[in-house]
Amino acid sequence: MTTTVDTGTTYREAVREAMRDAMRRDERVFLMGEDVGRYGGGFGVSLGLLEEFGEERVRDAPLSESAFVGAGIGAALGGMRPIVEVMTVNFVMLALDQIVNTAAALLHMSGGQFAVPVVIRMTTGGGRQLAAQHSHSLENWFAHVPGLRVLAPATIADARGMLWPALLDPDPVIIVEHGSLYNAKGPAPDTSLAVDISRAAVRRTGDDVTVVTHGGSLGLVEEAAERLAADGIGVEVIDLRVLRPLDDATVNESVRRTHRAVVVDEGWRTGGLSAEVAARIAETCFYDLDAPVGRVCAAEVPIPYARHLEEAALPSAARVVAAVHEAVDRRG
Amino acid sequence: MSAARRTAVRAAAPERVDVGRSAGAAPDPVTLYRRMVLIRRFEERCAELYSAGTIRGFLHLYIGEEAVAVGVLDHLGPDDAVVATYRDHGQALARGVPAGPIMAEMFGRLEGVCRGRGGSMHLFHAPTRFFGGNGIVGGGLPLAVGLALADHMQGRERVTVCFFGEGAMAEGEFHESINLAALWKLPVLFLCENNLYAMGTALDRSESETNLAVKAASYEVPAWSCDGMDVLAVWEAAHRAVELVRSGGGPVFLEAKTYRFRAHSMYDPDRYRSKEEIEHWRERDPLLLMRARLAADGVDAAAQDRIEEEVAAEIDAAVAFAEAGTDEPVESLLAFVTSDEVTS
């Protein structure tokens, strides 16, 4: 008798395996960014790839976000399939011109002549006491822009599986990986399954309330759902996965059944992704709702360093539980 | 977008590709002159059509700078690439992008090079590898580096010419891009059109070092300047530059000292420079200089007149093509946002 032991994997290893696999499958794929080579990636994601693929395909770039992101766009136009790693969403602001004015607009501006098959990866989010300049959750900025596809892998399976279809997409894809997920452990995903990059996923079914979230907040929403189950409240958890284009159908189907919705987003409330999701629910499910759409977002403050202050600023399972009670306890 | 649709889009842009290099190491003065005349008359017609309200939006004319694009792009073959600025009509014409679809683009017509979605500042043309047409000062430089990176990684001996103005040299993207290209020895010709004014701000009011080649050379890039009003001088300087880039040694920086005779755009009242200064530069009008040269070479006035007549006919045809153009149905508004036309 033989037994196979699943030793499991981490989110970090899953992203690395996804890149390794893509580079083995297609020689046009290469990785470019700050410290992706000798250092092994700012978060250790690309460790070992330089040794396997060499300096031509694992390119350490200078601290020139605009130039190397733009070079990724140009290389994509030139027939390559670049994976550009921007160390964090906090630094990508230095490359927004290239992403918004060039990558997102080029296909349309050129009347359909030039598609830009580039993938741009970055970490996002707070929760690690890194203070205001290293704790942003700005993925909603990209979700605002026509021409981009924005992916937020919240699970090890999506971390492993979303990259390849993103590379097959003829248009620019932004992938945001929450920094607190890299050490998450779980079973190694089945790589034989095709991974969809257009739909949200129902991570937990429930009849009483729909909680919509993405990325690094999925874990605390699932924790909240467990606690609420003990109180007899059935929470349906939707992981958006794709922040643009939003999968309205999955959200609407759920909300029409539960009649209540809470949106959990680590970004700020004002003008945030939660505002967009809540507005769409209001537009299409207004008469199905038994309570106003609730929101759990970051406090409207630059994220502070001190642990207790940061915890108070960011969404937590306790705040999700409270928001769900607010929605469910209200008589429709 | 379906394959059929993509094919249809590509087919909309005429496939005439006239990017032939002058044979060998000698320029063909008549051809260069003719291309400059085409640009000059095209731009003059654009100004008229703008005043008539036919062309709208921003319109930046290349008048006075014709020698630069013509002298440089004569050295490129069909596989080379061009990254242009928002003052891109001259660059596009010099590259061989046909005049009719350029004009139709400015009319906002379906028959335009970009189906009317780009306008004057965003001319793109896949058959000639003309990558726009960028409205953001400095925004094209990283793109050019990436095109060259793709060529480098795929072992293709191609050159990417990247046009930008001296105003772009105050942008971080200039410094980031030329450093990256030099570091990785990528085949880019950084072609600075120094017309002395970044919109209304003179070079010496925006740069601590006004010798632009010195700035570029600090990145260990071969860098020199040429007289951007003399197409033969540009041709010679660019010949050396393009050959050096093509030989695989990495990027080269070439500054063409030039001047725009018209305002920055049609909106610009041109208050920041004197009439005397403009008149001084007009004495070195690239067309005037070349006419004198042609006369000295025995190309008589009648031959020059014939060039003007041919060009006038070509521009009339371009305008007629644009006027006969159609509007893209509004139902197609959301096309080309993504390749599958999926919108949200």
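Throughout this document, residue positions are counted from 1 along each chain, in the order its sequence is written. Lettering of chains starts at A and numbering of ligands starts at 1, both following the order in which they are written. The predicted origin of the model limits local features to residues at a pLDDT of at least 70 and limits the giving and counting of side-chain atom pairs to 80 or more, whereas totals for whole chains, interfaces and linings rest on all residues.

A. Representation of the overall build of chain B within the structure. Put simply, DSSP marks the helices as runs of H or I at least four residues long and the strands as runs of E at least two long, and each gets a number from the N terminus on. Broken down by element type, chain B carries twelve helices and seven strands. In terms of overall size, chain B behaves like a compact globule, its C-alpha atoms giving a radius of gyration of 20 Å where 344 residues would be expected to give roughly 20 Å. Three classes are used. A residue is buried when 20 or more other C-beta atoms lie within 10 Å of its own, exposed when 12 or fewer do, and partly exposed in between, with C-beta atoms placed from the backbone. Every one of the 344 residues in chain B was classed for burial, and the buried ones make up 53%. We call two residues in contact if the C-beta atoms placed from their backbones are at most 7 Å apart. Here the analysis covers contacts within chain B between residues at least 6 apart in sequence; of these, 76% occur between residues at least 24 apart. Only C-alpha atoms enter the radius of gyration, while the globule expectation follows 2.2 Å times N to the 0.38, with N the number of residues.

B. Structural context of the sheet that holds strand 4 (residues 81-88) of chain A. Residue and element names in this part refer to chain A. With mixed pairing, the seven strands of this open sheet are ordered in space as 3-2-4-5-7-6-12. The sheet is open, and its two edges are formed by strand 3 (58-60) and strand 12 (242-244), each paired on a single side. Here the strands of the sheet are splayed against their neighbours by 20 degrees on average, with no regard to which way each runs. Direction of pairing for strand 2 (residues 29-33) relative to strand 4: parallel, over a ladder of five bridges. Considered in strand 4, the bridge of L31 is made with I83. What makes two strands pair is DSSP finding at least two bridges between them. Here an axis means a line fitted to C-alpha atoms, over the contact stretch when the element is a helix, while the angle between two N-to-C directions is reported on a 0 to 180 degree scale.

C. Broad picture of the interface of chain B and chain A. Between chain B and chain A, the contact holds 39 residues from the first and 37 residues from the second. Tallying contributions element by element places helix 6 (residues 140-153) of chain B first for the side of chain B that touches chain A, with ten residues. Of the residues assigned to the side of chain B that touches chain A, the class counts are 21 nonpolar, twelve polar and six charged. Polarity classes work like this: nonpolar for Ala, Val, Leu, Ile, Met, Phe, Trp, Tyr, Cys and Pro, charged for Asp, Glu, Lys and Arg, and polar for all others, with Gly in that last group.

D. The arrangement of the sheet that holds strand 6 (residues 223-227) of chain B in detail. Residues and elements named next belong to chain B. Strand order across the open sheet formed by five strands is 1-2-3-7-6, with parallel pairing between neighbours. With one partner strand each, in any of the chains shown, strand 1 (81-83) and strand 6 form the two edges of the open sheet. Averaged over all pairs of adjacent strands, the angle between strand axes in this sheet comes to 20 degrees, irrespective of strand direction. Contacts between helix 6 and the sheet are confined to strand 1, strand 2 (160-165) and strand 3 (188-194), with strand 2 contributing the most and set at about 170 degrees to the helix.

E. How the structure looks around the nonpolar core. Grouped together as the largest cluster of nonpolar side chains are 213 residues, with contacts concentrated most on V320 and V324 of chain A together with L189 of chain B. No other element matches helix 6 of chain B, which puts nine residues into this core. Note: domain ranges come from an automatic or database domain assignment. The two domains that each donate at least three residues to this core are domain 1 (9-186) and domain 2 (201-329) of chain A. Not counting residues up to four positions away in its chain, the partners in contact with V320 of chain A are V211, L220, V221, A224, V262, V264, V296 and P315 of chain A. The nonpolar core is taken to be a set of buried Ala, Val, Leu, Ile, Met, Phe, Trp, Tyr and Cys residues joined by way of C-beta atoms within 7 Å.

F. How the structure looks around the confidence of the model for chain B. In the predicted model, chain B carries a mean pLDDT of 92, and 92% of its residues have values of at least 70. The ipTM for the predicted assembly is 0.94, set against a pTM of 0.94. Each residue carries a pLDDT score, the predictor's own confidence in it, on a scale running from 0 to 100.

G. Structural view of the domain arrangement of chain A. All names here are of chain A. Along its sequence, chain A is carved into domain 1 (9-186) and domain 2 (201-329). The C-alpha centroid of domain 2 is placed 26 Å from the C-alpha centroid of domain 1. Listed per partner, the contact involves 25 residues of domain 1 and 22 residues of domain 2. Elements represented by at least two residues in the side of domain 1 that touches domain 2 include exactly helix 7 (139-143), strand 6 (149-151) and strand 7 (173-178). Take the side of domain 1 that touches domain 2: its biggest share by element is four residues, from helix 7.

H. The pairing of strand 2 of chain B, seen in detail. All names here are of chain B. The buried fraction of strand 2 amounts to six of the six residues, a majority that puts the element mostly inside the structure. Judged by which residues are buried, strand 2 turns out to be covered on both faces: T160, C162 and F164 on one side and V161, F163 and G165 on the other are all buried. In terms of strand pairing, strand 1 meets strand 2 through three bridges, oriented parallel. Residue pairing across strands places V83 opposite C162, the latter belonging to strand 2. When strand 2 meets strand 3, the two strands line up parallel, connected through six bridges. By the bridge assignment for strand 3, T160 is matched with V188. Viewed along the sheet, the connection from strand 2 through helix 7 (residues 172-183) into strand 3 turns out right-handed. For crossovers, right-handed means that the path from the first strand over the helix to the second runs clockwise, given strands pointing away from the viewer.

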